[in-house]
Amino acid sequence: MERRIVKTQVGIVGAGPAGLMLSHLLYTSGIDSTVVESRSHETIRTTQRAGILEHGSVNMLVDSGASDRVLREGHRHDGIELRFDGRNHRIDFLDLVGESVWLYPQNEVFTDLAEARHRTGGDVRYSSSDSSVLDLETDTPKIHFTDVDGQPWEVHCDVVVGSDGSGGICKKSIPAEHRKDYFIQYPFAWFGILAEAPPSAPELIYAHSDRGFALISQRTDKIQRMYFQCDPNEDASTWTEEMIWEELQSRMGGQDGFHLKTGRIFEQMVLPFRSYVCEPMRYGNLFLAGDASHTVPPTGAKGLNLALADVKVLHEGLDSYFNSKNSELLDAYSDRALQRVWKAQNFSYWMTSMLHQHPDGSEFEKKRQLGELSSVVSSRAGSSYLAEAYTGWPLK
Ligand code: PHB
């Protein structure tokens, strides 16, 4: 079949929140884009991801006109609990830095952005296959793909954006000598569940225990999301409900008698866990955004927020490039975005190493972690860094 051609200004690979948010922001600036995505709308909508939005991410959704549903259906959280030595210690974001976060799962962000693009006539090709990116070093980069009906296409554009996630094709198409990969593996992962149960607490609880880390998060009044540190090779299917509740409860136990509210578990999975950055976030006329160029461990919920922060900076660059014929901001994209990326890498790494048990960690290390946690919760100076990083540094 002959390849059909679509001409646009920005060709975007990946219709996750980063790709769709960028496409939406470009639309508000009068810039055309086509989004190519290998997954179906339904697959993305139903894939479980993290659930916390920084205030800056919420503002992006609302101020861009994408959706204000987050303000009606999301839950504002003004703090979190750090739990160690069997007691909760509240970090009061509102008091410490005057900001909050919103519990609003990534699936909902995707639903809102997909709907916004649909409403404004956006060109989003879900369920495409055989995608590749070509001629990235030239002024006429291209995306090849086959649509859901088997028709092959060629997207002619001025700029390609790779927002196709950690396993995507865009990063891989940058020649190895033009990029540097930084990464670390962790000797643990997260076991995540979704359960039909009432909330066990009004806010998220990040727990340090002798048996390892646990996180009590939420979805709705009736559905809860929880995680516990596990071996990266753990087979989630071998765990019964009883085993899971017992493990979670044992990590949440303590002198205050805290007890989890339990219920039917209807999803259980092991989540990958690593820190990764690809530098620079640009090759020729290809720009990377979100997980396509960096991954953080989920402790601290920075992944989605970082992707949206990339997109904000990239949109500024593209707006200035197309609408004012000035490439300065676009040329500065990688450096500007990487500043936040490395701050978030540090924060995610710090939260992770403060709360998780290393499989061959010493008694010294456990005691040191407790000293660190105590330093964080016992002074305003200690708590403020956590509050500032968790709620999100200002999006300049
Ligand atoms: C979640 O609700 O899925 C969640 C919340 C906070 C995290 C990670 C995941 O740090």
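All of these numbers come straight from a predicted model, not from anything done at the bench.

Points about the site of the ligand
Phase 1 of the analysis: What surrounds the ligand is a group of 15 residues, the closest being Y206, S217, R219, Y227 and P298.
Phase 2 of the analysis: S217 is positioned with one of its side-chain polar atoms (N or O) 2.6 Å from an oxygen atom of the ligand.
Phase 3 of the analysis: Relative to its unbound accessible area of 280 Å², the ligand is 99% covered by the protein chains.
Phase 4 of the analysis: Of all the secondary structure elements, the ones that give two or more residues to the shell around the ligand are β17 (214–218) and β18 (223–230).
Phase 5 of the analysis: A breakdown of the residues in the shell around the ligand according to their chemical character gives nine nonpolar, three polar and three charged.

A few points about the domain arrangement of the protein
Phase 1 of the analysis: Per the domain assignment, the segments making up the protein are domain 1 (4–78 + 100–182 + 275–350) and domain 2 (184–274 + 358–391).
Phase 2 of the analysis: Distance from the C-alpha centre of domain 1 to the C-alpha centre of domain 2: 29 Å.
Phase 3 of the analysis: Roughly 2,200 Å² is buried in total at the junction of domain 1 and domain 2, and carbon and sulfur atoms are behind 60% of that figure.
Phase 4 of the analysis: Of all residues in domain 1, Q48, S275 and W350 give up the largest surface area on contact with domain 2, accounting jointly for 26% of the area buried on that side.
Phase 5 of the analysis: Counting the contacts that link domain 1 with domain 2 gives zero salt bridges.
Phase 6 of the analysis: Between domain 1 and domain 2 we count eight residue pairs in polar contact (both at pLDDT 80 or more) in total.
Phase 7 of the analysis: Counting residues per element, the ones that place at least two in the side of domain 1 that touches domain 2 are β4 (52–54), β8 (101–103), β20 (274–279) and α11 (333–355).
Phase 8 of the analysis: With four residues, α11 is the largest single contributor of residues to the side of domain 1 that touches domain 2.

Comments concerning the packing of α11 against helix α13 (residues 380–391)
Phase 1 of the analysis: Packing of α11 against α13 brings their axes to within 11 Å, and their N-to-C directions diverge by 125°. Viewed along their axes, α11 and α13 adopt a mutual orientation that is oblique. In this structure, the crossing between α11 and α13 has a hand that is left-handed. Packed against α11, whose contacting residues are N346, F347, W350 and M351, the element α13 presents Y385, L386, A389 and Y390 at the interface.
Phase 2 of the analysis: In terms of residue class, the contact of α11 with α13 is made up of seven nonpolar, one polar and no charged.

Some points on the nonpolar core
Phase 1 of the analysis: Y206, L248, L386 and Y390 are the most contacted members of the largest nonpolar core, which totals 101 residues.
Phase 2 of the analysis: Here this core gets 10 residues from one element, more than from any other, and that element is α11.
Phase 3 of the analysis: Each of two domains, domain 1 (4–78 + 100–182 + 275–350) and domain 2 (184–274 + 358–391), supplies a minimum of three residues to this core.
Phase 4 of the analysis: If we skip the residues at most four places from it in the chain, Y206 touches I80, E81, L82, R83, F213, A214, L215, T299, G300, M351, L355 and Y390.
Phase 5 of the analysis: Formed by 19 residues, the second largest nonpolar core is a distinct cluster that contains C170, I174, L286 and L288.

Considerations on helix α9 (residues 303–323)
Phase 1 of the analysis: Helix length check: α9, at 21 residues, gives a terminal C-alpha distance of 30 Å against a target of 30 Å (1.5 Å per residue), a fit within 8%.
Phase 2 of the analysis: Of all 21 residues in α9, 15 are buried; the element is thus mostly enclosed.
Phase 3 of the analysis: Downstream of α9 by one or two residues, K325 has phi in the positive range, about 55°.

Conventions used here
Residues numbered from 1 in each chain as written. Predicted model: local features only at pLDDT ≥ 70, side-chain atom pairs only at ≥ 80, totals over all residues. Heavy atoms only, no water. Near = heavy atom within 4 Å. Polar contact = N/O pair within 3.5 Å; in protein donor to acceptor, adjacent residues only side chain to side chain. Areas by Shrake-Rupley, 256 points an atom, 1.4 Å probe, with all protein chains shown as cover. Helix = DSSP H or I, 4+ residues; strand = E, 2+ residues; numbered from the N terminus. Nonpolar A, V, L, I, M, F, W, Y, C, P; charged D, E, K, R; others polar. Domains from an automatic or database assignment. Buried area = accessible area lost by both parts, 1.4 Å probe. Salt bridge = Lys/Arg side-chain N within 4 Å of Asp/Glu carboxyl O. Axes fitted to C-alpha atoms, helices over the stretch in contact; angles between N-to-C directions. Parallel < 35°, antiparallel > 145°, perpendicular 65-115°, else oblique. Left-handed = near helix turned anticlockwise from the far one by under 90°. Contact = heavy atoms within 4.5 Å. Core = buried A, V, L, I, M, F, W, Y, C linked by side-chain atoms within 4.5 Å. Buried < 20%, exposed > 50% of the residue type's maximum accessible area, 1.4 Å probe, protein only. Expected span 1.5 Å × (residues − 1).

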